[in-house]
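Descriptive analysis of the structure
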Amino acid sequence: MSDLSNKKILLGITGGIAAYKSAELVRLLIKAGAEVRVVMTPAAQEFVQPLTYQALSGHRVYVDLFDAEAESAMDHIELARWCDLLLVAPATADFLGKMNAGYADNLLLTLCLACKQPVAVAPAMNQQMYANASTQQNLAQLAAKNVLLWGPAEGEQACGDVGQGRMLEAVQLLQEVERHFSPGRLAGLRLLLTAGPTREAIDPVRYISNRSSGKMGYAIADAARRQGASVTLVSGPVALPAPQGVKLVNVESAQQMYDAVMQEAEASDVFIACAAVSDYRVDQAAEHKMKKSADTVSLQLVLNADILAAVSALEKRPFCVGFAAETRDVEKYALGKLQQKNLDMIAANLVGEGGQGFESDFNQLEVFWPDGRQAVGPASKTEVAKQLIDLVAERYTCARS
Ligand code: CTP
């Protein structure tokens, strides 16, 4: 992990019991080389005394918007300009709501509005408050405004409840800060990715599709973004929130996915085809809803263009990674596709068995490239995505050097 020397962190503390963990966070950040200034809301001071953070950070703690003495040392606009990152930890439901609405009735809220540098929040609240639609809406809207959301974690809460809403541990927040400042293995690269299923219309209300949930593709998009890539995700219809910091292009049919990918492919460095593209479409989708009449009905299906093969055949082609979802003979089919589609890598997985693959949160891959192979997982799709992106970064560097 990178060290944080020369990094200036403004740590905002709001009124939650997790404020005690932020004392440890100050210590860890300073140990990693960062310079830390602390700002507290009035409610935060009900939980921990400013003196605690002052002793740990070695600087006065900012608490009051109208503190003339503090303003003369460094006014609030200057403080917002000073930092490389503003991290609010813990961020209570109340604070997140006000922040999303653009309130500025305490010093920390004012700083959030005045700060041009990245702002991150570490939510901390009761699990029911976290699950509440208002909180979820506030978080989604903050994410859409490029506020980084770190956590929350799941577990036992101070109130005795168990669930999601705990603030990440200090050490995990330190890792997030370090990751934020490290350029990443894919820094400067443009990564294009397909995910989810496609829908092929039969008539205006019916379609042919498959069981892909998009979870693997979305996890890969997130892992690639965390490694510094600028990511474009072309996604079929899924029930997943848009990943943070990623350009999302929503499509339905294989043809729409093809068009969206082709627009970006030549300008991309890496292409990962994770979507479960429908191989066939209905030849002539009915213009109006089909009525039941005959006992049997036949649909004439025609082959869709293979998006991955088309990208790989481009003259100015990106590094191409395919997926092979198989129900048997994984290695044979995967190696066949690697060769036929002229790919740089293929990630093969067995679907339809043992709770892995489609719809599951877990996965296990066998990744092949022309002169090697590596097993990834079994693990959560988040972990599998991380390891796959590491492997892509490694192979990309080898292929381009
Ligand atoms: N793929 C694609 N466009 C298609 C079909 C597949 O980009 N029209 C991509 C998938 O995203 C995946 C890879 O090709 O990365 C393999 O897809 P898969 O359906 O497993 O293989 P097919 O080549 O379609 O062969 P088959 O269905 O016979 O297994």
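Residues numbered from 1 in each chain as written. Predicted model: local features only at pLDDT ≥ 70, side-chain atom pairs only at ≥ 80, totals over all residues. Heavy atoms only, no water.

Let us look at the side chain of Asn-126. By the secondary structure assignment, Asn-126 is in the loop between β4 (119-123) and α7 (127-131). Looking at Asn-126, its side chain comes within polar contact range of the main-chain nitrogen of Gln-128, at 2.8 Å. Not counting chain neighbours up to four residues away, the residues in contact with Asn-126 comprise Gln-157, Cys-159 and Asp-161. (Helix = DSSP H or I, 4+ residues; strand = E, 2+ residues; numbered from the N terminus. Polar contact = N/O pair within 3.5 Å; in protein donor to acceptor, adjacent residues only side chain to side chain. Contact = heavy atoms within 4.5 Å.)

Before going further, it helps to spend a moment on the packing of aromatic side chains. The geometry of an aromatic ring pair comes down to the distance between the two centres and the angle between the two planes. Taken as a whole, this structure holds one aromatic pair when the rule is applied. Above the ring of Trp-82, the side-chain terminus of Arg-37 is found at 5.0 Å from the ring centroid. The ring of Tyr-62 carries the charged tip of Arg-60 above its face, separated from the ring centre by 6.0 Å. (Phe/Tyr/Trp six-rings, centres within 6.5 Å; stacked < 30°, edge-to-face > 60°. Lys NZ or Arg CZ within 6 Å of the ring centre and 35° of its normal.)

Here the focus is the domain arrangement of the protein. As a measure of interface size, the accessible area lost when the parts come together is often cited. Its domain assignment divides the protein into domain 1 (8-181) and domain 2 (190-400). The distance between the C-alpha centroids of domain 1 and domain 2 comes to 38 Å. (Domains from an automatic or database assignment.)

Let us now look at the sheet that holds strand β3 (residues 85-91). Reading across the sheet, the five strands line up as β2-β1-β3-β4-β5 and stay open at both edges, with parallel pairing between neighbours. If you trace the sheet from one side to the other, it starts and ends with β2 (35-40) and β5 (148-149), each paired once. As defined by bridge partners, β3 adjoins β4 across four bridges and the pair is classed as parallel. Bridging across to β4, Ala-91 finds its partner in Pro-123. (Pairing = 2+ DSSP bridges.)

Of the volumes computed, that of the second largest pocket is approximately 870 Å³. Among the elements of the structure, β8 (190-195), α10 (215-226), β15 (301-303), α12 (307-312) and β16 (319-326) are those that each provide at least two residues to the lining of the second largest pocket. When its residues are assigned to classes, the lining of the second largest pocket shows 19 nonpolar, 13 polar and six charged. (1 Å grid on protein atoms, 1.4 Å probe; cavity = no way out; pocket = protein on both sides within 12 Å on 5 of 7 lines; lining within 4 Å. Points joined across faces, edges and corners; volume = space filled by probe spheres on them. Nonpolar A, V, L, I, M, F, W, Y, C, P; charged D, E, K, R; others polar.)

Another point: the site of the ligand. The local shell around the ligand holds 13 residues, among which Ala-273, Ala-275, Phe-323, Lys-337 and Lys-341 are the closest. Here an oxygen atom of the ligand and a side-chain polar atom of Lys-337 are 2.8 Å apart. Between the ligand and Lys-341 there is a distance of 2.8 Å, counted from an oxygen atom to a side-chain nitrogen or oxygen. Across the complex, the protein chains shield 76% of the 570 Å² of accessible surface that the ligand would expose by itself. Judged by the proximity of its atoms to the pocket grid, the ligand belongs to the second largest pocket. Elements represented by at least two residues in the shell around the ligand include exactly α12 and β16. At three residues, β16 tops the list of elements feeding residues into the shell around the ligand. (Near = heavy atom within 4 Å. Areas by Shrake-Rupley, 256 points an atom, 1.4 Å probe, with all protein chains shown as cover. Sits in = over half its atoms within 2 Å of the grid points.)

This part covers the pairing of β8. Most of β8 sits inside the fold, with five of its six residues counted as buried. Pairing of β8 with strand β11 (residues 230-235) involves six bridges; the strand directions are parallel. Residue pairing across strands places Leu-193 opposite Leu-233, the latter belonging to β11. (Buried < 20%, exposed > 50% of the residue type's maximum accessible area, 1.4 Å probe, protein only.)

For the rest of this paragraph, the subject is the state of the cysteines. In total, this model carries zero disulfides according to the counting rule given. The closest cysteine sulfur to the non-disulfide-bonded Cys-112 is located on Cys-115, 7.6 Å from its own sulfur. A relative accessible area of 12% means that Cys-112 is categorised as buried. Free of any disulfide, Cys-320 has its nearest neighbouring cysteine sulfur in Cys-274, separated by 14 Å. Residue Cys-320 is classed as buried on the basis of its relative accessible area of 0%. (Disulfide = S-S within 2.5 Å.)

Now for a nonpolar patch on the surface. Where nonpolar side chains cluster on the molecular surface, the patch consists of Tyr-280, Met-290, Val-297, Leu-299, Leu-301 and Leu-303 and spans about 550 Å² of accessible area. By secondary structure assignment, the location of Leu-301 is in strand β15. Taking relative accessible area as the criterion, Leu-301 reaches 39% and is therefore assigned partly exposed. (Patch = residues over 30% accessible without salt bridge, like charges linked within 9 Å, V, L, I, M, F, W, Y side chains within 5 Å. Salt bridge = Lys/Arg side-chain N within 4 Å of Asp/Glu carboxyl O.)

Next up on the list: the nonpolar core. In this structure, Leu-191, Ile-220, Ile-272, Phe-323, Met-345, Val-367 and Leu-388 are the most contacted members of the largest nonpolar core, which totals 37 residues. At eight residues, helix α14 (residues 381-400) tops the list of elements feeding residues into this core. If we ignore the near neighbours within four places in the chain, the residues touching Ile-272 are Leu-191, Leu-192, Leu-193, Thr-194, Ile-220, Val-321, Phe-323, Ile-389 and Val-392. Counting residues in hydrophobic clusters, the runner-up holds 36 residues, among them Leu-4, Ala-19, Met-40 and Leu-87. (Core = buried A, V, L, I, M, F, W, Y, C linked by side-chain atoms within 4.5 Å.)

All right, on to the packing of helix α5 (residues 93-101) against helix α8 (residues 133-144) then. Orientation of α5 relative to α8, taken along the N-to-C sense of each, is 50°, at an axis distance of 9 Å. Relative to α8, the element α5 lies oblique. Considering only the axes of α5 and α8, their crossing is left-handed. The residues of α8 that touch α5, namely those facing Ala-93, Leu-96, Gly-97, Met-99 and Asn-100, are Thr-135, Asn-138, Leu-139, Gln-141 and Leu-142. When its residues are assigned to classes, the contact of α5 with α8 shows five nonpolar, five polar and no charged. (Axes fitted to C-alpha atoms, helices over the stretch in contact; angles between N-to-C directions. Parallel < 35°, antiparallel > 145°, perpendicular 65-115°, else oblique. Left-handed = near helix turned anticlockwise from the far one by under 90°.)

This part covers the sheet that holds β16. Here we have eight strands laid out as an open sheet, ordered β12-β11-β8-β13-β16-β17-β18-β19, and mixed in their pairing. Two strands close off the open sheet at either side, each with one partner strand: β12 (247-250) and β19 (372-380). Looking at each pair of strands side by side, their axes are set apart by 15° on average, direction ignored. Relative to β19, strand β18 (residues 362-369) runs antiparallel, the two sharing seven bridges. Residue pairing across strands places Phe-362 opposite Ser-380, the latter belonging to β19. Along the sheet, helix α13 (residues 330-340) makes contact with β16, β17 (345-350), β18 and β19, crossing β17 at roughly 155°. Strand contacts of α14: β8, β13 (270-273), β16, β17, β18 and β19, with the helix running at about 160° to β19, the strand carrying the most contacts.

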